[in-house]
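One letter stands for each residue in the lines below.
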Amino acid sequence: MTIPTTRNPSTASAPSSPSGVWLRRYRPVEDPAVRLVCFPHAGGSATAYLRFADVLADAGVGVEVLAVQYPGRQDRRGEPFIKTVDALVEAVLPELREWTGRPFALFGHSLGGTLAYETARRLTGTGEEPVHLFVSGRRAPTVPRTDTAHLLDDRALISRISALQGTDPALLQDEELLRMVLPALRNDYGMAGAYRHRAGAPLSVPLTVLTGDSDPNVSVDDARRWSEVAGGPVDLRVLPGGHFFLNDRSETVCHIIEEALDHVR
């Protein structure tokens, strides 16, 4: 989980949103060559990708960011959480399809990587598959895992968040803020824990995997095993940092995205 510290969601400029509730368009790009649909991490919100939207829009490379907003947080706080990966993917697909009239790619960090991957699988073979998939900070779905963080009490869960070094420690002392974000985090960890990979055809879309060299949750070998679900070569990028390496490396990550999408632009 990360909590935005540079731009408050309540004061950030209002997004130019698609017609539904699932996607946020913070920096519209006129006639983009490709759209990048970004799935947040566990406990995260669409605002996690404000920096991506800014960097890619300012670069003038024709890449427009659409950030997924899960129910139960920020402007969707009054809506019930979705409990499973399958249900969330099925819920977001109809609105995503409204934006597939031009090339699009998928990006997901941590739990968002699983969601992006399963979304790509659903779309493959439909004539509306993405041109590229980026997964970040996530073990390959073929790596055995047991996620039980959602069963921890609040104190232990906060300690788990702190260990990932993605949140300002001072914010973890803010009880009001924690009351807002812990339910979403617990739900999303439960979603990750319930996920089971189903074997199927290899991905037919190009795949880039990004990971931090000191991520306590994802070893480089875990990241390398994404090749087991890929139908072609995997571009593995190991960057300095822990689980939330992209917080400090957003420009580098955006440059990797630009390079990977160059053939589309």
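All of these numbers come straight from a predicted model, not from anything done at the bench.

The rules we used
Residues numbered from 1 in each chain as written. Predicted model: local features only at pLDDT ≥ 70, side-chain atom pairs only at ≥ 80, totals over all residues. Heavy atoms only, no water. Helix = DSSP H or I, 4+ residues; strand = E, 2+ residues; numbered from the N terminus. Buried < 20%, exposed > 50% of the residue type's maximum accessible area, 1.4 Å probe, protein only. Contact = heavy atoms within 4.5 Å. Areas by Shrake-Rupley, 256 points an atom, 1.4 Å probe, with all protein chains shown as cover. Salt bridge = Lys/Arg side-chain N within 4 Å of Asp/Glu carboxyl O. Axes fitted to C-alpha atoms, helices over the stretch in contact; angles between N-to-C directions. Parallel < 35°, antiparallel > 145°, perpendicular 65-115°, else oblique. Left-handed = near helix turned anticlockwise from the far one by under 90°. Nonpolar A, V, L, I, M, F, W, Y, C, P; charged D, E, K, R; others polar. Expected span 1.5 Å × (residues − 1). Core = buried A, V, L, I, M, F, W, Y, C linked by side-chain atoms within 4.5 Å. Disulfide = S-S within 2.5 Å. Polar contact = N/O pair within 3.5 Å; in protein donor to acceptor, adjacent residues only side chain to side chain.

Caption draft 1: Summary view of the overall build of the protein. In terms of regular secondary structure, the protein is built from 8 helices and 7 strands. Here the protein holds 265 residues, and the buried ones make up 52% of them. Restricting to contacts in the protein with at least 6 residues of sequence separation, those with at least 24 account for 80%. As displayed, the protein has an accessible area near 11500 Å², and 48% of this comes from carbon and sulfur atoms.

Caption draft 2: Representation of the pattern of salt bridges in the model. Following the criterion strictly, the structure yields 19 salt bridges and no others. Measuring nitrogen to oxygen at the nearest pair gives 2.7 Å for the salt bridge that ties Arg24 to Asp75. You can see Arg24 sitting in strand E1 (residues 23-24) and its partner Asp75 sitting in the loop between strand E3 (63-68) and helix H2 (85-97), a full 51 residues away along the chain. Using a relative accessible area of 5% as the deciding quantity, one classes Arg24 as buried.

Caption draft 3: Structural view of the packing of H2 against helix H3 (residues 111-123). At a minimum axis distance of 10 Å, the contact between H2 and H3 shows a crossing angle of 60°. By the criterion of interaxial angle, the relationship of H2 to H3 is oblique. Pair H2 / H3 crosses with right-handed handedness. Contacts between H2 and H3 involve Val85, Asp86, Leu88, Val89, Glu90, Leu93, Leu96 and Arg97 from the former and Leu111, Thr114, Leu115, Glu118, Thr119, Arg122 and Leu123 from the latter. Each residue belonging to the contact of H2 with H3 can be placed in one class, and the counts come to 8 nonpolar, 2 polar and 5 charged.

Caption draft 4: Looking closely at unusual backbone geometry. Residues other than glycine seldom take positive phi values, yet Asp31 does so here, at roughly 50°. You can see Asp31 is positioned in the loop between E1 and strand E2 (34-39). Relative accessible area serves as the criterion here: at 61%, Asp31 is assigned to the exposed category. For Ser110, which is not a glycine, the phi torsion comes out positive at approximately 60°. Note that Ser110 resides in the loop between strand E4 (104-109) and H3. For Ser110, a relative accessible area of 8% gives the class buried.

Caption draft 5: Seen up close, H2. Helix length check: H2 (13 residues) gives 18 Å between terminal C-alpha atoms against 18 Å at 1.5 Å per residue, within 8%. Among all positions in H2, only Val85, Leu88, Val89, Val92, Leu93, Glu95 and Leu96 are buried.

Caption draft 6: Structural context of the nonpolar core. Within the largest apolar cluster, 44 residues are counted, with the highest numbers of intra-cluster contacts made by Val37, Phe39, Leu106, Leu115 and Leu133. Those elements that provide at least two residues to this core are E2, E3, H2, E4, H3, strand E5 (132-136), helix H5 (175-194) and strand E6 (207-212). The next biggest cluster of nonpolar side chains, apart from the first, holds 29 residues, and it includes Tyr26, Val65, Leu239 and Phe245.

Caption draft 7: Summary view of the state of the cysteines. Following the criterion strictly, the structure yields 0 disulfides and no others. As a non-bridged cysteine, Cys38 has Cys254 as the owner of its nearest cysteine sulfur, 8.3 Å distant. Classification of Cys38 as buried rests on a relative accessible area of 0%. Classification of Cys254 as buried rests on a relative accessible area of 0%.

Caption draft 8: Spatial organisation of the side chain of Glu118. Mapped onto the fold, Glu118 is located in helix H3. Taking the relative accessible area as the measure of exposure, Glu118 reaches 2% and is therefore buried. A polar side-chain atom of Glu118 sits 2.6 Å from a polar atom in the side chain of Tyr195. If sequence neighbours within four positions are ignored, Glu118 has contacts with Val85, Val89, Tyr195 and His197.

In short, shape yes, function no, at least from these values alone.
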